[in-house]
Amino acid sequence: MSEVRSPEGRRPSAVSRKLSVRPMTMADKPAVLRISSRIWEGNDYVPLFFDHWVRGGGFWAAELRGRIVGYGKATEFAPGEWWLEGLRVDPRCRKRGIGKELSRQVLHRTLDERPVSLRLATADVNRESMHIITTVMGFKPYTQYRFFVGKPEATRPGARPVRKMGTVPRVRALRGAVPVFQSHAPLVRPAAREVLDFIQQSPELSASRGLLQYTWLFRQVSRRYLAELKKGDHVLGYRVGGRPAGLMIIRPHRYRGNDLDISFVAGSEVALGAFRSFLYQRARDCDAKNISGMAASKEMAAALKSLGLEPHPHIGRVLVYEYPIQAKVQRTKSEGQSKGEVEKDRNPSYLPFLRLA
Ligand SMILES: CC(C)(COP(=O)(O)OP(=O)(O)OC[C@H]1O[C@@H](n2cnc3c(N)ncnc32)[C@H](O)[C@@H]1OP(=O)(O)O)[C@@H](O)C(=O)NCCC(=O)NCCS
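Within each chain, residue numbers correspond to sequence positions counted from 1 in written order. A pLDDT threshold of at least 70 governs which residues receive local features in this predicted model, and a stricter bar of 80 or more applies before side-chain atom pairs are shown or counted, although totals over entire chains, interfaces and linings include all residues.

Helix and strand definitions follow DSSP, with helices as H or I runs of at least four residues and strands as E runs of at least two, each counted in order from the N terminus. Of the regular secondary structure elements, the protein chain holds 13 helices and 15 strands. Partly exposed residues are those whose C-beta has more than 12 but fewer than 20 other C-beta atoms within 10 Å; 20 or more makes a residue buried and 12 or fewer makes it exposed, with C-beta atoms placed from the backbone. Out of the 357 residues in the protein chain, the part that is buried amounts to 35%. Long-range pairs, those at least 24 residues apart, make up 71% of the contacts in the protein chain between residues at least 6 apart in sequence. Think of it this way: build a C-beta for each residue from its backbone, and any pair within 7 Å is a contact.

Turning to the pairing of strand β9 (residues 217–220), a few remarks are in order. Each regular strand shows side chains that alternate between the opposite faces of the sheet. Sheet topology places strand β8 (residues 211–214) next to β9; four bridges connect them, and they run antiparallel. Each residue of the ladder has a partner; that of Gln213, found in β9, is Phe218. For two strands to count as paired, DSSP must find a minimum of two bridges between them. Hairpin connection of β8 to β9: two residues between the antiparallel strands, including Thr215 at a positive phi of 40 degrees.

Here we come to the site of the ligand. Of all residues adjacent to the ligand, which total 18 residues, the nearest are Arg94, Gly99, Lys100, Arg127 and His131. Of all the secondary-structure elements, those providing two or more residues to the shell around the ligand are β4 (81–89), α5 (98–111) and α6 (127–136). Residue classes follow a fixed rule: Ala, Val, Leu, Ile, Met, Phe, Trp, Tyr, Cys and Pro count as nonpolar, while Asp, Glu, Lys and Arg count as charged, and any other residue, Gly among them, counts as polar. Looking at side-chain class alone, the shell around the ligand contains five nonpolar, six polar and seven charged residues. Nearness is defined per residue: the C-beta atom, placed using the backbone, must lie within 6 Å of the molecule or strand.

Take the nonpolar core next. By convention the nonpolar core is taken to be a set of buried residues drawn from Ala, Val, Leu, Ile, Met, Phe, Trp, Tyr and Cys and joined through C-beta atoms within 7 Å. Membership of the largest hydrophobic core comes to 80 residues, with the highest contact counts inside it found for Met248, Val265, Phe275, Leu279 and Leu304. By residue number, the principal contributor to this core is helix α10 (residues 269–285), which donates eight residues. Two domains each put at least three residues into this core: domain 1 (2–138) and domain 2 (147–318). Sequence-distant contacts of Met248, that is, excluding residues within four places in its chain, are made with Leu236, Ile262, Phe264, Val265 and Phe275. Domain delimitation in this document rests on an assignment produced automatically or drawn from a domain database.

Turning our eyes to something else, we now look at the environment of Ser20. Relative to the helices and strands, Ser20 is located in strand β1 (residues 20–23). Taking C-alpha positions, Ser20 is 8.7 Å from Leu102, a pair spaced 82 residues apart along the chain.

On to the packing of helix α3 (residues 29–36) against helix α4 (residues 46–56). Axis definition: a line fitted to C-alpha atoms, limited for helices to the stretch in contact. Angles are taken between N-to-C directions and run from 0 to 180 degrees. Interhelical geometry of α3 versus α4 gives an angle of 160 degrees and a closest axis separation of 10 Å. It follows that α3 is roughly antiparallel to α4 by the angle criterion. Here the hand of the crossing between α3 and α4 comes out right-handed. Within the contact between the two elements, α3 uses Lys29, Val32, Leu33 and Ser36 and α4 uses Val46, Pro47 and Phe50. Tallied by class, residues from the contact of α3 with α4 come to five nonpolar, one polar and one charged. Throughout this description, any angle smaller than 35 degrees is read as roughly parallel, any larger than 145 degrees as roughly antiparallel, any in the 65 to 115 degree range as roughly perpendicular, and the remainder as oblique. We call a crossing left-handed when the near helix sits turned anticlockwise from the far one by less than a right angle, and right-handed when that turn is clockwise.

Take the confidence of the model for the protein chain next. On average, residues of the protein chain score 85 in pLDDT, and 79% of them reach the 70 mark or higher. Predicted confidence for residues 1–9 stays below pLDDT 50, and this span has ten contacts to residues more than four positions away or in other chains. Note that pLDDT drops below 50 for residues 155–184; the model gives that stretch 40 contacts with residues more than four away or on any other chain. A score from 0 to 100, pLDDT tells how confident the predictor is in each residue.

Moving on, we get to α10. By this rule, a helix spans an expected 1.5 Å times one less than how many residues it contains. Compared with the 24 Å implied by 1.5 Å per residue over 17 residues, the 24 Å span of α10 between its first and last C-alpha is a close match. Most of α10 is tucked away: twelve of the 17 residues are buried. Those residues of α10 that fall on the buried side of the exposure criterion are Ala271, Leu272, Gly273, Ala274, Phe275, Arg276, Ser277, Phe278, Leu279, Tyr280, Arg282 and Ala283. Close packing links the buried residues of α10 with β7 (187–188), β10 (235–240), β11 (243–252), β12 (260–267), β13 (291–295) and α11 (298–306). Looking one or two places after α10, you find Asp287, whose phi comes out positive at around 55 degrees.

Below, the structure written as structure tokens:
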């Protein structure tokens, strides 16, 4: 922690004196592709986003003697809400302190943006990364998820049919502007208010402390974010007697566009049965090979299992961390605030994730 908050007090290592961290440019692409091809057996997702990240900024390259040896990305999801990802060090240059120094520098540059929140995530199997996040960068555990995966093949023609859980209407994929749900069907595009109420009251939102996951990104629920999801036609509701009885948020997987990723699912048994049929229908329509989702609550874990997903075989927990900005801001603010204002800021209902502006 002290290393992070007062870097000037830290004795610079040999690497930190030599490492230069600068914005990534399009000209760096070949070097990045070369490094990423050696990470996770070539399954690193950084190349997929290279152009987009360079254009968007916050994509940092670490150079040692004029050669790129690592990188990291900071993204502002919504005003003040920052996210770190894509920390990589060339496998040929590891265990020399580059990852630690690069993390420190990316953190400091992101703190310069005066974030309201700053988070990142890693898997519990990535001990090295956890060490850097907690010990070097000073992040604190925020929440944790279980990772679920499934294959839609089980429902292809000739395969064993899925267990039937209620009468379900046939629906087409959630695509385009053509209305896909008949007004009388229990599967609907829910109204914004309905989505907000359903999610806010869910055990999942309280276990996730206000976050929704999307392929390893964890973003705060807000009115604006939910409106984006609704506009993208990713939100599916289930009604019984005109009242909401279930909700599912489903999107193309961020790394593999044909695959599906579930950000949220909850509802009655009949609703989950309908979502399951919809999910596999849609998986067939878009030729998905995999379906994934993460759950912070035991309720959503059970819902994902009821959709046919199973815990990931190698990753036990996905850990989300947060940099302790709030405490710092709180101290600074209270110096110039009235007692009433400070109390208001302490009230949990004013926490950013419930400020649904
Ligand atoms: C994680 C990664 C960036 C680290 O890069 P690096 O340059 O080798 O890291 P450093 O040499 O600066 O530091 C590694 C630290 O982890 C520690 N470490 C290594 N293995 C560890 C383990 N099994 N448990 C705990 N700590 C461990 C090292 O001891 C060192 O810390 P220390 O110097 O305080 O003792 C690099 O391995 C990488 O690119 N991995 C693949 C991508 C990835 O996992 N990125 C993070 C995703 S969230």
